Amino acid sequence: MASILDSWDLTPPVVPPRARFCPLEPIGVGTPLVEGLTGYLLRLAEAHAVPVAALTEELRRCVPIARPGSGGIENDCPYGLLSYSANGVEESAAKWARALNTATLRSDLRNLTLLAFVGFLCSLSLFRRFRTWCPACFGEWRSSNRSIYEPLLWSLTVARVCPYHRQPFVSLCPRCGQPMRPIMSLSRPGYCGRCGGWLGATPAKARSEVTSAMAPEHWVSKATGDLLALAPEVDHQPAPLRIAFRDNIDSCVRHLFNGNGAEFAKFVGCTPTSVYNWRNGKTTPRIDQLLQLSERLRIPIAAFLLSGAGSGTVDWKTIKPDATDYAAPAVLHRPRAKMRQSLRMVLNEHPAPSLSEVARRLGYQGTEGLRRINPTLCKRITDNHRKSFQYEPHSHGPRWRICGRKEVEAALKAALAKTEPESVPRIARRLGYTGSAPFFGPFPGLCRAISLKIARRRATRIRAMRRLVESAIRQNPPPTLRMLALQLGYKDKKVLTRYFAGLCAELLARRRAVAKGRIAEVQRELQSYTRLEPAPSMAEACRKLGLKPQTASRRFPVEYKLIVSRYQQRRRKMAGLRRPY
Ligand SMILES: [Zn+2]
Ligand SMILES: [Zn+2]
């Protein structure tokens, strides 16, 4: 009996795609100590027993072939520049994650970066420039035979101490004492990239400088870890994250600070403008600000980033900050009706206070809030205050009287009786008043009479001065302006030019004309001396004319030379006569 054999299945079997790199399982996803992408690269290189440089070369070679046109690392991207920013929120991080995903056929390597927070966290000063680690963690993992890796937390600038060992992170190799770049060609997880020395330390040795569990650095490091652990939960969706943060911060300010954003800003140590923008959803905080919020209030970081009824969310109405110096600030926003009533009461006060004084009393910093409540009442308060200020400069009751009415009157009459009366403002000052209004008000007639008398005396004085100036012009020679002013009893000649500008100009012109005439006269006389016999000496001529020899030589050079030469001729002739034959 012939048996019929099964027909062969000739369809080729489906071979699943092969990964170029070993698909290592990332460590700690969803926990505070989640591995960083740079750390994963180191571990991958170690698993293949090649230097990191060779691994990245291979990655660069195979990834564009695996996914042509997309996701590859640019060929001109120098390997040496690979830094912690590959763990960050920028496009370079996305490219590295995509490339490694392709090469390992994994899909979860984005979780080793901060890409979950893209659009929420800003990339500025997020990462350290040098490789940083916790020696105690390395030591502990090696002694318990666990994988050695580098958590993402260690690369962040904000975390300064290990959240588990509470000791500062280290950036200098214990063997060569040098800092190193996050990835160097010989880097291996847990070993120096320069000298290859072991970077870990035994926990006993490392336990020297442990920070307190209550220290701010410790809280910040722990909160940073919590933030990283949240990454799978927020799931690369910036919009819901921004909305959740906006709503949470608003609830926090409303319930814990009675809606007072400025108080909140002061408490957490940021600017009121930042708080205002966060509450409006205009901006998101930097990572250090976010952690500072959590640290100052001692509220878990998840409370600010998660919304809905899931785990980690908080009820802002019931939660109380764990911060020791927290106290809910006094309520500033009082009911409008009550404020309005207080403003109305102020209207009856005497002396009327200023609006800023009222605002201060009611607990406001400026008057803007009161004006918003009732502008009309505020206007009336301001008007009252202004009026009270006009008539009552002394707010402590009515002003005391400096002089009686009779004293004032007597002083005015006495002044009027004098030939040269004192002015009313001067009398007021002498009696202790700052102004003369109390004199002009009750005694307008007397004051006017004094002013008239003063004006009349002044006019008389000016007339007398004018006469004097006019007579001075006619004098020969006319006096100088300065002499004239001294004659009138003034130190400065300006007073003359102010009152009699025309006359002064005339006087000066006349002085110039007289001087000119005098010069011509002297010249004539000098010329007569040039003809005189016997020829006189220059000294003699000068003496007779009242001239200085220097002035004569400068003003009348021709006559001067002639007189001098004639006198010299005469001297020579006389000397010749005396000479014996
Ligand atoms: Zn540690
Ligand atoms: Zn070293």
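For clarity, every value in this text was computed on a predicted model and none was experimentally measured.

Some thoughts on the overall build of the chain
Point 1. A count of helical and extended segments in the chain gives 25 helices and 0 strands.
Point 2. Relative to a compact globule of 581 residues, whose C-alpha radius of gyration would be 25 Å, the chain shows 52 Å and is clearly more extended.
Point 3. If one aligns the C-alpha atoms of the chain with their principal axes, the spans along those axes are about 185 × 105 × 55 Å.
Point 4. For the chain, with 581 residues in total, the buried portion stands at 31%.
Point 5. In the chain, the share of contacts with a sequence separation of at least 24, taken over all contacts with a separation of at least 6, comes to 67%.

What about the domain arrangement of the chain?
Point 1. Considered domain by domain, the chain is made up of domain 1 (37-209), domain 2 (237-330), domain 3 (336-391) and domain 4 (519-578).
Point 2. The C-alpha centroid of domain 3 is placed 35 Å from the C-alpha centroid of domain 2.

Digging into the nonpolar core
Point 1. Counting residues in each nonpolar core, the largest one holds 88 residues, and the members touching the most others are Leu37, Leu41, Cys134, Ile301 and Leu305.
Point 2. Sorting elements by how many residues they give to this core places helix H6 (residues 216-234) first, with 8 residues.
Point 3. Both domain 1 (37-209) and domain 2 (237-330) contribute no fewer than three residues apiece to this core.
Point 4. Setting aside residues up to four positions removed in sequence, Ile301 forms contacts with Ala223, Asp226, Leu227, Leu290, Leu291 and Ser294.
Point 5. Counting 10 residues, the second largest nonpolar core, distinct from the first, contains Val408, Leu412, Ala415 and Ala428.

Things to note about the packing of helix H19 (residues 444-474) against helix H22 (residues 501-531)
Point 1. Orientation of H19 relative to H22, taken along the N-to-C sense of each, is 15°, at an axis distance of 9 Å. The angle between H19 and H22 falls in the class roughly parallel. The handedness of the crossing between H19 and H22 is left-handed. Contacts from Val469, Glu470, Ala472 and Ile473 of H19 reach H22 at Leu503, Glu506, Leu507 and Arg510.
Point 2. Counted by class, the contact of H19 with H22 contains 5 nonpolar, no polar and 3 charged residues.

A look at helix H8 (residues 261-268)
Point 1. Inspection of H8 places Phe264, Phe267 and Val268 among the buried residues, and these make up the whole buried set. Seen end-on, H8 carries its buried residues on one side only, within an arc spanning 85°.
Point 2. Looking at the packing, one finds that the buried side of H8 touches helix H7 (238-256), helix H9 (272-280) and helix H10 (287-297).

As for unusual backbone geometry
Point 1. Cis geometry marks the peptide bond from Asn476 to Pro477; its omega dihedral reads -5°.
Point 2. With respect to the helices, strands and loops of the structure, Pro477 is situated in the loop between H19 and helix H20 (481-488).
Point 3. Backbone geometry at Arg166 places phi at a positive 55°, although glycine is not the residue there.
Point 4. Along the chain, the position of Arg166 falls in the loop between helix H4 (135-143) and helix H5 (203-206).

Comments concerning the environment of Ala459
Point 1. Here Ala459 shows up in helix H19.
Point 2. As for Ala459 and Met483, which are separated by 24 residues in sequence, their C-alpha atoms are 22 Å apart.

Concerning the confidence of the model for the chain
Point 1. Chain-level pLDDT for the chain is 85 on average; 91% of the residues reach the 70-or-more range.
Point 2. Here residues 65-80 is modelled with pLDDT under 50, and outside its nearest four sequence neighbours on either side it reaches 19 contacts, counting other chains as well.

A look at the environment of Gln178
Point 1. Relative to the assigned elements, Gln178 resides in the loop between H4 and H5.
Point 2. Taking C-alpha positions, Gln178 is 9.2 Å from Cys195, a pair spaced 17 residues apart along the chain.
Point 3. Gln178 has contacts with Leu172, Cys173 and Arg194, leaving out every residue within four places of it along the chain.

Concerning the environment of Ala552
Point 1. Tracing the backbone through its elements, the reader meets Ala552 in helix H24 (residues 549-555).
Point 2. Here the alpha-carbon distance between Ala552 and Cys542, two residues 10 residues apart in the chain, equals 7.6 Å.
Point 3. Beyond its immediate chain neighbours, meaning those up to four positions away, Ala552 contacts Cys542, Leu547 and Tyr560.

Calculation criteria
- Residues numbered from 1 in each chain as written.
- Chains lettered and ligands numbered in written order.
- Predicted model: local features only at pLDDT ≥ 70, side-chain atom pairs only at ≥ 80, totals over all residues.
- Helix = DSSP H or I, 4+ residues; strand = E, 2+ residues; numbered from the N terminus.
- Rg over C-alpha atoms; globule rule 2.2 N^0.38 Å.
- Buried ≥ 20, exposed ≤ 12 C-beta atoms within 10 Å, placed from the backbone.
- Contact = placed C-beta atoms within 7 Å.
- Domains from an automatic or database assignment.
- Core = buried A, V, L, I, M, F, W, Y, C linked by C-beta atoms within 7 Å.
- Axes fitted to C-alpha atoms, helices over the stretch in contact; angles between N-to-C directions.
- Parallel < 35°, antiparallel > 145°, perpendicular 65-115°, else oblique.
- Left-handed = near helix turned anticlockwise from the far one by under 90°.
- Nonpolar A, V, L, I, M, F, W, Y, C, P; charged D, E, K, R; others polar.
- Arc of directions from axis to C-beta.
- pLDDT = per-residue confidence, 0-100.

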